[in-house]
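Each chain, written out:
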Amino acid sequence: MALTKNKKVLDFVQESADLAQPDKIVWIDGNPDQIKALKEEAVKSGELIKLNENLLPDCYLHRTKVNDVARVEDRTFICTTNKEDAGPINYWMDPRQAKELSNEIARGSMKGRTMYVIPYSMGVVGSDFAKYGIEVTDSIYVVLNMNIMTRVGKSVLNQIGKDGDFIKGFHAKCNVDADKRYIMHFPEENLIISVNSAYGGNVLLGKKCFALRIASYLGKNEGWMAEHMLILEVVFPDKKTKKYVAAAFPSACGKTNLAMLIPPKHYTDMGYEIKTVGDDIAWLRVDKDGSLYAVNPENGFFGVAPGTNEHSNKNALDSTKRGTIFTNVALNTDDMTVWWEGMSKELPDHCIDWTGKPWDPAKFDKKDKSTCAAHPNSRFTAPASNCPSISDKFDAPNGLDAVPISAIIFGGRRASTTPLVYEARDWNHGVFIGSAMSSETTAAAAGAVGVLRHDPMAMKPFTGYHMGDYFAHWVDMGTKIKNPPKIFNVNWFRTDKDGNFMWPGFGDNMRVLEWILKRCSDTPVEAEETAIGYVPKAEDIDLSDMDYEITAGKKFGINDLKSILTVDKEKWAKEAEEIEGYYNNTIKDRIPQELWDCLNTLKNNCKPAAKPAPKKTDKEA
Ligand code: GTP
Ligand code: SPV
Ligand code: MN
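From a predicted model like this one, the values you see are computed outputs, not experimental measurements. (Residues numbered from 1 in each chain as written. Chains lettered and ligands numbered in written order. Predicted model: local features only at pLDDT ≥ 70, side-chain atom pairs only at ≥ 80, totals over all residues. Heavy atoms only, no water.)

Participant: Just checking my understanding: could you explain the site of ligand 2 for this structure?
Facilitator: In the region of ligand 2, the neighbouring residues are Arg 71, Tyr 199, Gly 201, Lys 207, Lys 208, His 228, Ser 251, Asp 280, Phe 302, Arg 379, Ala 444 and Phe 462. A distance of 3.0 Å separates an oxygen atom of ligand 2 from a polar atom in the backbone of Gly 201. His 228 is positioned such that a nitrogen or oxygen atom in its side chain is 3.3 Å from an oxygen atom of ligand 2. Relative to its unbound accessible area of 290 Å², ligand 2 is 98% covered by the protein chains. Among the residues making up the shell around ligand 2, the classes are represented as 4 nonpolar, 3 polar and 5 charged. (Near = heavy atom within 4 Å. Polar contact = N/O pair within 3.5 Å; in protein donor to acceptor, adjacent residues only side chain to side chain. Areas by Shrake-Rupley, 256 points an atom, 1.4 Å probe, with all protein chains shown as cover. Nonpolar A, V, L, I, M, F, W, Y, C, P; charged D, E, K, R; others polar.)

Take a look at the structure:
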């Protein structure tokens, strides 16, 4: 039975049903019994595998089709009336043509199936920041994941009310045919259509589709920002001072890890703590006091499984111990638990790999991804409330969920050139640094891994409009914030000549965070001004009790720190050329003058110092 009288909601559900022709329509009301029944149904059909109830209570494993394991950027479309509005780096399709195409694919595709109607909230229900959506889908996996990742149920419909607005999301699994897979966004109509996939970011329409692509478009028009950012809280030793940091790294470049960081003992002894507000998406607004405030619109974590262990990210691992859905990890049949590469040093004896075949640990080769038991982009969907480090702010009611941001950090995977950390000279220079970001590609999207590509603000795959306008929006926001956060860039991924990571990363990133916050304090620590911005003096990064071996027997020391803090002008001159090429040939137009000015400054700063004129000899004189 329909749970609302809102005509727009009812019309959307009816139109979707008329198209897909399901046998049944079920409204998701948020009742735990309904969710429980759906889990049972999915176990019966084989869509989910129930895991060991004692070791992993209420946890399930799901395997996708092998052709459907990551976001598909080349099948993701921004469908604006004018092609130019989607910009040069989005795939564009004419809205009418897009609907004709997806209608043809989805028509009758839910025959014999059930269509679920999921009312969901991005943000705390009723909060000033929250926005609402309705997703219809024929996948129980989607219902159960949305129920973890967002706030779902009747309370959302109450908020939408009789004639309130919402984002429409239509998802039909169809035959999971990769050649007919389309993820389409209609920002002018608050509409998302997804067909022929059943994987994460392609189908959990509240996440990348709404909370980034559609929301970035809304933010541009309404004066706020939707960003691919984690939000963390630093609790100072006095336990009263709390500072908030937002950080944008591309997919699979360390957001979840930084958001859940456990500081080294040296810092916990002093009394520092890190709390998690969000791990993937931030919505940012200027509030009445003129500061920039952020919320995490999600309700759970869709985290990368491989590499997650007791040491690298205990908070994430602990978050997956109950009420979690695992996607494409390995099944340990000895005790019906899960396993993935990097969970433990010992390989399990009896595993079924992510494709459903018995796995032979003897054939495992770290360097050959095809021998992995878990897919490199296998994921866990875990409730945020499970996370031991979750901040009180995360779920705070009455608008108290928004946190003031002191620092914004950009970062990516760069084997060379980019130092461990540097600070922008001012807001616009920070926007320039974000716009010029490059990072090596990862398994989070279909395609080659390890290729250096431009990924401005980690938003290349997620900006719902023209990238040049997006840069201009950032510049414009800077004029609206009374005390803009300072902007930094970090790189945890510098490697030595043998390809080893030179910086320990993970918990030790606290040392960099501390420096960043010292730069944001009323009495900032000094820094070196370089061609690219402010770089720490090596002595100002606390290396106390650091115990990291870059390679066997080679312990990390201050000289290693110095080497990853160096700014090589020759390399940066090349980088500047590269950025200029990207601006000119890829983004092409609508780049604000402020960013061209920063590029010119960088180019000038990197020019080799003019050689002193050769002394004239007596003869010449
Ligand atoms: P998405 O969920 O795809 O947006 O990814 P994410 O940005 O949240 O990345 P996540 O924290 O899941 O980390 C992805 C990969 O980077 C994992 O394999 C981590 O082990 C690795 N990683 C994270 N932080 C660090 C770090 O500080 N140093 C190194 N060397 N690797 C890291
Ligand atoms: C990412 O790729 O940045 C993710 C995973 O967070 S997905 O939801 O699939 O986009
Ligand atoms: Mn992400």
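Next comes the rest of the write-up.
Participant: Any chance you could explain empty space enclosed by the protein here in plain terms?
Facilitator: Evaluated as defined, the whole model comprises 3 cavities of 30 Å³ or more. Computed from the structure, the largest cavity encloses a volume of approximately 170 Å³. Along the wall of the largest cavity there are 18 residues; nearest its centre are Tyr 422, Ile 433, Ala 436, Asn 489 and Trp 572. Among the secondary structure elements, those contributing two or more residues to the lining of the largest cavity are helix 12 (427-435), strand 29 (486-490) and helix 16 (569-587). Along the walls of the second largest cavity sit Glu 73, Thr 76, Phe 77, Ile 78, Ile 89, Asn 90, Tyr 91, Arg 213, Lys 460 and Pro 461, which together make up its complete lining. Among the elements that take part in the lining of the second largest cavity, strand 4 (residues 76-78) stands out by supplying 3 residues, more than any other. (1 Å grid on protein atoms, 1.4 Å probe; cavity = no way out; pocket = protein on both sides within 12 Å on 5 of 7 lines; lining within 4 Å. Points joined across faces, edges and corners; volume = space filled by probe spheres on them. Helix = DSSP H or I, 4+ residues; strand = E, 2+ residues; numbered from the N terminus.)

Participant: What is the right way to look at the site of ligand 1 in this model?
Facilitator: By nearness alone, 21 residues border ligand 1, and Ala 252, Lys 255, Thr 256, Asn 257 and Arg 379 come closest of all. Asp 280 is positioned such that a nitrogen or oxygen atom in its side chain is 3.1 Å from an oxygen atom of ligand 1. Asn 509 is positioned such that a nitrogen or oxygen atom in its side chain is 3.0 Å from an oxygen atom of ligand 1. A total of 660 Å² of accessible area belongs to ligand 1 in isolation, and the protein chains cover 90% of it. Elements that contribute at least two residues to the shell around ligand 1 include exactly helix 9 (255-259) and strand 18 (300-304).

Participant: How should I be thinking about the pattern of salt bridges in this particular structure?
Facilitator: A side chain with one charge can pair with a side chain of the opposite charge if their charged atoms come near. Counted under the stated rule, the structure contains 35 salt bridges. The salt bridge partner of Lys 208 is Asp 280, with a shortest N-O separation of 3.0 Å. Linking Lys 208 in helix 8 (residues 206-222) with Asp 280 in the loop between strand 15 (273-278) and strand 16 (282-286), this pair joins segments that are 72 residues apart in sequence. A residue is classified by how much of its surface remains accessible, and Lys 208, at 6% relative accessible area, is buried. (Salt bridge = Lys/Arg side-chain N within 4 Å of Asp/Glu carboxyl O. Buried < 20%, exposed > 50% of the residue type's maximum accessible area, 1.4 Å probe, protein only.)

Participant: Just to check I follow, could you spell out the coordination of the manganese ion (ligand 3) for this structure?
Facilitator: Six octahedral donors around a metal ideally subtend angles of 90 or 180 degrees, whereas four tetrahedral donors ideally subtend 109.5 degrees. Only Lys 208 (NZ), His 228 (NE2) and Asp 280 (OD) from the protein reach the manganese ion (ligand 3) as donors, at distances of 2.0 to 2.6 Å. Given 6 donor atoms and angles of 62 to 169° at the metal, the environment of the manganese ion (ligand 3) is assigned as irregular. All donors to the manganese ion (ligand 3) come from one chain, and their sequence spacing reads K-x19-H-x51-D. Of this pair, His 228 sits in the loop between strand 12 (225-227) and strand 13 (229-235) while Asp 280 sits in the loop between strand 15 and strand 16, and the two are 52 residues apart along the sequence. For the pair His 228 and Asp 280, a shared accessibility class is recorded, and that class is buried. (Donors = N, O, S within 2.8 Å, 3.2 Å for Na, K, Ca; no water. Tetrahedral: all angles 85-135°; square planar, octahedral: opposite > 155°, others 65-115°.)

Participant: It is not clear to me how the nonpolar core should be interpreted in this structure. Could you clarify?
Facilitator: The nonpolar side chains of soluble globular proteins are, as a tendency, buried together. One finds Trp 283, Leu 420, Trp 474 and Tyr 583 to be the most contacted residues of the largest nonpolar core, which totals 139 residues. Setting aside its immediate chain neighbours within four residues, Tyr 583 contacts Phe 432, Ser 435, Phe 471, Lys 588, Ile 591, Leu 595, Trp 596 and Leu 599. In terms of nonpolar packing, the next biggest core, distinct from the first, is built from 34 residues, Ile 105, Val 117, Tyr 132 and Leu 191 among them. (Core = buried A, V, L, I, M, F, W, Y, C linked by side-chain atoms within 4.5 Å. Contact = heavy atoms within 4.5 Å.)

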